[in-house]
Amino acid sequence: ELADWNKRANLTAIIEYEAVQIKHFVDSLTVCLTARDILTGSTQTRTRVIDVGAGAGLPGLALKIVFPEIELVLVESVAKKTAFMNHMVEKLGLDGVTVHTGRSEDLARDKDLRDSFDLVVARALAKLPLLLEFCLPFCKDGGKVVALKHGGDWSEQESAANALKELGGQINRVSTVLVDGLTDDRIVISVEKTGPTPANYPRAVGIPGKRPL
C-alpha cells in the first residue's frame with residue numbers, strides 16, 4: 001500500500017521492500033526502548049498515544065499494530081498523507097484511531113487534545129527545541145514525549161535546555177539504537193512532562209521555526 005500510494009502522494013523516499021521493513025517499521029518500534037511500559041499499560045482506560053507530524057503514519061500505525069489496545073491520534077498537515085492514513089486504518093480494520101489534518105500549533109489548543117496524552121511520539125519532525133514546542137502541549141503531566149532522532153552527539157539535547165525549562169519537561173532517558181540496518185547514530189530521546197505547559201505555547205504557525213526557544 002505504501003509503495004502504491006507513493007506513486008501519487010510522495011509519502012516516502014524509501015520504498016524498497018526490505019528497506020521499508022527496517023528503516024520504517026523496525027525504526028518506528030524503537031519507541032519501545034523508552035516507552036514500552038506506557039504502551040503496555042494496565043490501566044482501566046486505554047493508553048492515549050498521539051503521533052505528531054505522522055507523515056505516512058509512522059511510527060503511530062506501526063505501534064497500533066503491535067499494541068492494539070492503545071488509543072491513537074495521528075496529526076499531519078498534508079492532506080494527501082492523512083488520506084493515506086485514513087485508508088490504512090480502514091484497510092487494516094483498526095479501531096481506536098483518529099486522524100487529524102492540521103498543524104500542531106493549532107490542534108494543540110483543542111481542549112480534547114491538549115494535556116491529554118500518555119505518550120507523544122515524533123519521528124523526523126524537527127530539531128529538539130522546536131519538536132518540544134509542538135509536542136509537549138499534547139502531553140499530560142507525568143506523560144512522555146519520545147523523539148526518534150539521528151546523531152548521538154548530544155548537541156540537540158544541550159540546545160533544548162531552555163525549551164525544556166519553558167515548556168515543563170525534562171530529559172529522563174536517551175537510548176542508542178543498535179539494530180542491523182539502522183545507521184546514522186540513531187537515538188531515542190524520552191522527555192517527561194514535569195509541569196503544565198504555559199497557555200501561550202505553542203506559538204502561532206511560523207513563529208516557533210523563526211524564533212526557536
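Scroll up to find the structure this text is about.
Just so it is clear, the structure is predicted and the values come from calculations on it, not from any experiment.

**A look at the overall build of the chain**
- In terms of helices and strands, the chain carries 10 helices and 7 strands.
- By the compact-globule yardstick of 17 Å for 213 residues, the chain fits well, its C-alpha radius of gyration being 16 Å.
- Each of the three principal axes of the chain carries a C-alpha extent, and together these read 45 × 40 × 35 Å.
- Buried residues in the chain amount to 52% of all 213 residues.
- In the form shown here, the chain has an accessible surface area of approximately 10300 Å², with 51% of it arising from carbon and sulfur atoms.
- Each charge class in the chain was averaged separately, 26 positive and 28 negative side chains, and the resulting centres sit 4 Å apart.

**Description of the side chain of glutamate 105**
- Take glutamate 105: it is sitting in helix α6 (residues 104-107).
- For glutamate 105, a relative accessible area of 3% gives the class buried.
- Here the side chain of glutamate 105 touches arginine 103 through a polar contact of 3.0 Å, side chain to side chain.
- In this structure, glutamate 105 is in contact with Phe134, Pro202, Arg203, Ala204, Val205 and Gly206, ignoring residues within four places of it in sequence.

**Brief notes about unusual backbone geometry**
- Cis peptide bonds are those with omega within 30 degrees of zero, and the linkage from leucine 58 to proline 59 qualifies with 15°.
- Among the structural elements, proline 59 can be located in the loop between β1 (48-52) and α4 (60-66).
- Note that the residue after tyrosine 201, namely proline 202, is joined by a cis bond; omega there is -5°.
- On the secondary structure map, proline 202 appears in the loop between β7 (187-193) and α10 (207-210).

**A few points about the sheet that holds strand β3 (residues 97-101)**
- In spatial order, the strands read β3-β2-β1-β4-β5-β7-β6; together these 7 strands make up an open sheet with mixed pairing. Looking at the sheet topology across the chains shown, the edges are occupied by β3 and β6 (169-176). Each strand axis lies, on average, 20° off the axis of its neighbour in the sheet, ignoring direction.
- Two strands pair when backbone bridges link them, and β6 and β7 are joined in this way by 7 bridges, in the antiparallel orientation. The residue bridging isoleucine 171 from the neighbouring strand is valine 191, located in β7.

Rules used throughout
- Residues numbered from 1 in each chain as written.
- Predicted model: local features only at pLDDT ≥ 70, side-chain atom pairs only at ≥ 80, totals over all residues.
- Heavy atoms only, no water.
- Helix = DSSP H or I, 4+ residues; strand = E, 2+ residues; numbered from the N terminus.
- Rg over C-alpha atoms; globule rule 2.2 N^0.38 Å.
- Buried < 20%, exposed > 50% of the residue type's maximum accessible area, 1.4 Å probe, protein only.
- Areas by Shrake-Rupley, 256 points an atom, 1.4 Å probe, with all protein chains shown as cover.
- Lys, Arg positive; Asp, Glu negative; His and termini not counted.
- Charge placed at Lys NZ, Arg CZ, Asp CG, Glu CD.
- Polar contact = N/O pair within 3.5 Å; in protein donor to acceptor, adjacent residues only side chain to side chain.
- Contact = heavy atoms within 4.5 Å.
- Pairing = 2+ DSSP bridges.
- Axes fitted to C-alpha atoms, helices over the stretch in contact; angles between N-to-C directions.

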